[in-house]
Amino acid sequence: MPRTEAVKSNNQTIVIMGCGRVGATLAAMLDAAGHTVTVLDIDAYSFRRLPPSFSGTALIGNGTDEEIQRKAGIAEADAFIALTQGDNRNVMAAQIAQQVFKVPRVICRIYDPLRKDIYEQLGLEALSPTEIFADILFNKLEKQEKQ
Amino acid sequence: MKPLYIVIIGGGNIGYYLGKALLGEGHEVLIIEKDARKCERLEDELGSCCMRGDGCETAMLSDAGLNRADVLIATTAQDEDNLVACQVAKYRFKVPRTIALVNNPSNDKIFTKLGVDASISVTNTILEHVEQEIPAHPLIHLLTMSGQMEEVVELLVARDSPAVGKSIAQLRLPADTTVALVMRDGERPRIPGADTLIRENDRIIALTTPSSEKTLQKAVMG
């Protein structure tokens, strides 16, 4: 996929919704790699997870709100990543970024594998941590059995 | 009309009254609600028409027989839940008509764009009524002239205004109040005489004082 290469090249503008463990870690990594990062969260307390070295923007607001996305600079963003705890919130925000603001790369976390399948069919790039982690555990256990 | 199978997501006030009305019209109704207590109340008052669960969960919707549903109505307080319920119903279960309550009025257009057949924003609906039924601004302050305690105001003559059909003189305005201009659609603004008749939809620009403003407003707005 050419999009993967685009994100790898330097100076991308990336908006992350949800400053939980994954969101904050990813934001710090992208920031350290030289990208322009904006992190959105409804709770200012979540921003404590960002390292002191973080040079991006932390913005309080609900990412499912079109206005907040605009404030976060979504119109000029190269990528949008939806990482809140709510599958539906992620789905909605990701669709707004993709269909209203035409963000070139949108990735969405959906815990529920069935819902993930539906939205993949509808053209969202969706990842299910449930599936991925269960898969990892399964493979680990399978290997152990074989040894 | 042939009875429809209607699935309602959310058993709050809207879901409850909607369900009640649709059952009364002879339709088959199923309400999906997460909260056990709300489910109990729905069952007590409407009979067995409630399922407890998450209305966005595919397995749940499958159990609810969504593939034979004619309409899905999402009425929760969370727009994202309403959107996903409608999209799953439409794209996974091919429900012909999906209707969503929109809590944030700016989501109205977005929902339509994302495939929801009809979205209803309570805020927008109320706003439309306010704009239709109540004159937007009864009296607009245009300018206050400093030092002289005089001000310039604009008033719209509504259909039910007591000034309609009267001449300026018949308005019996206070001595410190002068009607300076009458503006009428499709005509140049005119400086009225004492016998100029006021018509519906006229916009009046008047010179008045804070103490006479109320009397002027009463004469024009009722």
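Parameters and conventions
- Residues numbered from 1 in each chain as written.
- Chains lettered and ligands numbered in written order.
- Predicted model: local features only at pLDDT ≥ 70, side-chain atom pairs only at ≥ 80, totals over all residues.
- Pairing = 2+ DSSP bridges.
- Helix = DSSP H or I, 4+ residues; strand = E, 2+ residues; numbered from the N terminus.
- Right-handed = clockwise from strand over helix to strand, strands pointing away.
- Contact = placed C-beta atoms within 7 Å.
- Nonpolar A, V, L, I, M, F, W, Y, C, P; charged D, E, K, R; others polar.
- Domains from an automatic or database assignment.
- Core = buried A, V, L, I, M, F, W, Y, C linked by C-beta atoms within 7 Å.
- Buried ≥ 20, exposed ≤ 12 C-beta atoms within 10 Å, placed from the backbone.
- Arc of directions from axis to C-beta.
- Axes fitted to C-alpha atoms, helices over the stretch in contact; angles between N-to-C directions.

Caption draft 1: Highlighting the pairing of strand S5 (residues 105-109) of chain A. Residue and element names in this part refer to chain A. The pairing of strand S4 (residues 79-82) with S5 spans four bridges and is parallel. Each residue of the ladder has a partner; that of Phe80, found in S5, is Val106. Relative to strand S6 (residues 125-127), S5 is paired through three bridges, and the arrangement is parallel. Counted as the bridge partner of Arg109 is Leu127 from S6. For the handedness criterion, the β-α-β arrangement of S5, helix H5 (residues 113-121) and S6 is classed as right-handed.

Caption draft 2: Seen up close, the interface of chain B and chain A. With 16 residues of chain B at the interface, the matching set in chain A holds 17 residues. Of all the elements in the fold, those that place two or more residues in the side of chain B that touches chain A are helix H3 (58-63), helix H4 (79-93) and helix H5 (107-113) of chain B. Broken down by element, the residue count for the side of chain B that touches chain A peaks at eight residues, all from H4(B). For the side of chain B that touches chain A, the per-class residue count stands at eight nonpolar, three polar and five charged.

Caption draft 3: Structural view of the domain arrangement of chain B. The domain boundaries assigned to chain B delineate domain 1 (5-130) and domain 2 (139-221). Of note, the centres of domain 1 of chain B and domain 2 of chain B, computed from C-alpha atoms alone, are 50 Å apart.

Caption draft 4: Spatial organisation of the nonpolar core. Counting residues in each nonpolar core, the largest one holds 69 residues, and the members touching the most others are A:Ile16, A:Phe80 and B:Leu72. By size, the runner-up hydrophobic cluster in this structure holds 12 residues, among which are B:Ile198, B:Ile204, B:Ala206 and B:Val220.

Caption draft 5: Quick peek at helix H7 (residues 213-221) of chain B. Residue and element names in this part refer to chain B. Inspection of H7 places Leu216, Ala219 and Val220 among the buried residues, and these make up the whole buried set. All buried residues of H7 lie within an arc of 90 degrees about the axis, which places them on one face of the element. Seen from the buried face of H7, the exposed residues on the opposite side, beyond 90 degrees, are Lys214 and Lys218. Just downstream of H7 lies Gly222, where phi reads positive at about 90 degrees.

Caption draft 6: The sheet that holds strand S6 (residues 118-121) of chain B, seen in detail. All names here are of chain B. Strand order across the open sheet formed by six strands is S3-S2-S1-S4-S5-S6, with parallel pairing between neighbours. The sheet terminates laterally at strand S3 (50-52) and S6, the two strands that pair on one side only. Geometrically, the sheet is characterised by an average inter-axis angle of 20 degrees between neighbouring strands, direction not taken into account. Taken together, the five bridges between strand S1 (residues 5-9) and strand S2 (residues 28-33) define a ladder with parallel strand orientation.

Caption draft 7: Focus on unusual backbone geometry. Positive phi, close to 55 degrees, is recorded for A:Lys102, a residue that is not glycine. With respect to the element layout, A:Lys102 can be found in the loop between helix H4 (87-100) and S5. If you check the backbone angles, B:Lys94 has positive phi at about 55 degrees while not being a glycine. Residue placement: B:Lys94 occurs in the loop between H4 and strand S5 (97-102). A tally of 10 C-beta atoms within 10 Å means that B:Lys94 is categorised as exposed.

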